[in-house]
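A structural walkthrough
In case you want the letters, here they are:
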Amino acid sequence: MTSRSRGQGLVIASDELPALEVAEHTKEKEFVIERIAGIFNAGMRNLWNRRYYIDPFAGPGMCLIKGTATEIDGSPILAAKSRAKFTDYFLADKSPDCLDALEKRITRLALPEQTSVHYYQDDADMAVSRISKDLPPARSSLGLAVFDPWGWDFSFATIANLSERRRLDLVINFPIGYIKRNWEKELPKLDMFMNGTSYKEPFQAAMRRETPGEMPARVLLDSYTGELRGIGYEYIRDHVLVDNSRHRTLYCLIFASKHERGADFWDKVTQRKQSGQLRMLL
Ligand SMILES: C[S@@+](CC[C@H](N)C(=O)[O-])C[C@H]1O[C@@H](n2cnc3c(N)ncnc32)[C@H](O)[C@@H]1O
């Protein structure tokens, strides 16, 4: 396969469309997303005939593992390939190149005729506010949303507004490594991501090692999952950690549901890593 550079992080894949150039560890994230989308639909199709999927950081639908010729599907394509299908897809990205490539890849999948697919080329906060106006009626539908940013690119209020009075499970790529590297910059955006400033003092103290035994990652996760509980997410999991090749944690895939069944699904699909190894708790 030949690939040439195309803007930030984009290369041309073997299907002649842009793909995200990513590191090896991305495989673990996509493995989990593929499996939760699969079990969500398989487990719920007889109970809910309207099941929607929201992906505000959808990307172009394909990733190329850096330094290799390995191509893997991105989150929206994995969701669309799920054997039992979602009925409605709400896909967004702020990059027009990504969204255009994604639309072409989704079209090639030839989804069942009755499936509806909506695209939004917009910043995630704005896209989600547009998406929430287009969603199926809350009473008769069930949703899964995957928030997969590079950093703290959406505000907590976006999740709070989107999920209000909805049965919507969440998978959130919580960027532990990025926050630990960049917390001294762009603080107002980080505060919006974390839903306020209560995380700040304990987190900064942990970063400065003033509170022995307090891990900065744990402080952040406890604060964030506490905010999720505050908007009605009773069943939360934060044990899926993705590391880089030097065993440093890059991010946590947080799962949140308002229903026990959602957490059961997550526990089932995340018990083992892609390698087959049992997952350790943080
Ligand atoms: C980590 S990648 C997502 C990968 C995708 N979920 C997958 O599995 O292949 C992040 C994506 O978010 C987009 N992006 C970055 N900042 C954004 C923002 N503020 N709003 C919406 N999209 C954004 C980028 O163009 C990129 O495609």
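Each chain has its residues counted from 1, following the order in which its sequence is written. For this predicted model, a pLDDT threshold of at least 70 governs which residues receive local features, and a threshold of 80 or more governs which side-chain atom pairs are given and counted, while totals over whole chains, interfaces and linings are taken from all residues.

Packing of helix α8 (residues 200-207) against helix α9 (residues 216-230) brings their axes to within 8 Å, and their N-to-C directions diverge by 170°. One way to sum up the angle between α8 and α9 is to call them roughly antiparallel. For the pair α8 and α9, the sense of crossing is left-handed. On α9, the residues that touch Pro 202, Phe 203, Ala 206 and Met 207 of α8 are Pro 216, Val 219 and Leu 220. Of the residues that constitute the contact of α8 with α9, the class distribution is seven nonpolar, no polar and no charged. To define axes, lines are fitted to C-alpha atoms, for helices over the stretch in contact only, and angles between the resulting N-to-C directions are given on a 0 to 180 degree scale. Numbering goes from the N terminus for both helices and strands, where a helix is a DSSP run of H or I of at least four residues and a strand is a run of E of at least two. To sort the angles, those under 35 degrees are grouped as roughly parallel, those over 145 as roughly antiparallel, those from 65 to 115 as roughly perpendicular, and the leftovers as oblique. Here a crossing is called left-handed whenever its near helix is offset anticlockwise from the far helix by less than a right angle, and right-handed whenever the offset is clockwise. Note on contacts: residues are paired as contacts if their backbone-placed C-beta atoms lie within 7 Å. Any residue outside Ala, Val, Leu, Ile, Met, Phe, Trp, Tyr, Cys, Pro, Asp, Glu, Lys and Arg is labelled polar, Gly included; the first ten of those are nonpolar and the last four are charged.

Positive phi, close to 50°, is recorded for Ala 110, a residue that is not glycine. Inspection of the secondary structure puts Ala 110 in the loop between α3 (96-109) and β7 (116-121). For His 247, which is not glycine, the phi dihedral falls at a positive 65°. Along the polypeptide, His 247 turns up in the loop between β10 (235-243) and β11 (249-257).

Two strands make a pair as long as DSSP finds a minimum of two bridges between them. Judged by pairing direction, the sheet is mixed, and its seven strands sit side by side in the order β7-β6-β3-β8-β9-β11-β10 without closing on themselves. The strands lining the two open edges of the sheet, one partner per strand, are β7 and β10. On average, each strand axis in the sheet is tilted by 10° relative to the strand beside it, whichever way the strands run. Across five bridges, the pairing between strand β9 (residues 168-174) and β11 is antiparallel. Counterpart to Asn 173 in the pairing with β11 is Leu 253. Relative to β10, helix α10 (residues 260-270) is tilted by about 25°, and along the sheet it contacts β9, β10 and β11.

What surrounds the ligand is a group of 19 residues, the closest being Phe 57, Gly 59, Gly 74, Ser 75 and Ala 124. Looking at the shell around the ligand, its residues break down into nine nonpolar, four polar and six charged. We call a residue near a molecule or strand if the C-beta atom, set from the backbone, is within 6 Å of it.

By the criterion of burial, β9 is predominantly enclosed, with seven of the seven residues buried. When strand β8 (residues 142-147) meets β9, the two strands line up parallel, connected through five bridges. Across the sheet, the residue bridging to Gly 143 is Leu 168, located in β9. Crossover handedness is defined by viewing with both strands directed away from the observer: a clockwise path from the first strand over the helix to the second marks the crossover as right-handed. After leaving β8, the chain enters helix α5 (residues 156-163) and then returns to the sheet as β9, a path that is right-handed. Neighbour density around each residue's C-beta defines its exposure: 20 or more other C-beta atoms within 10 Å make it buried, 12 or fewer make it exposed, and counts between make it partly exposed, where C-beta atoms are placed from the backbone.

Treat this as a map of the structure, not an account of what it does.
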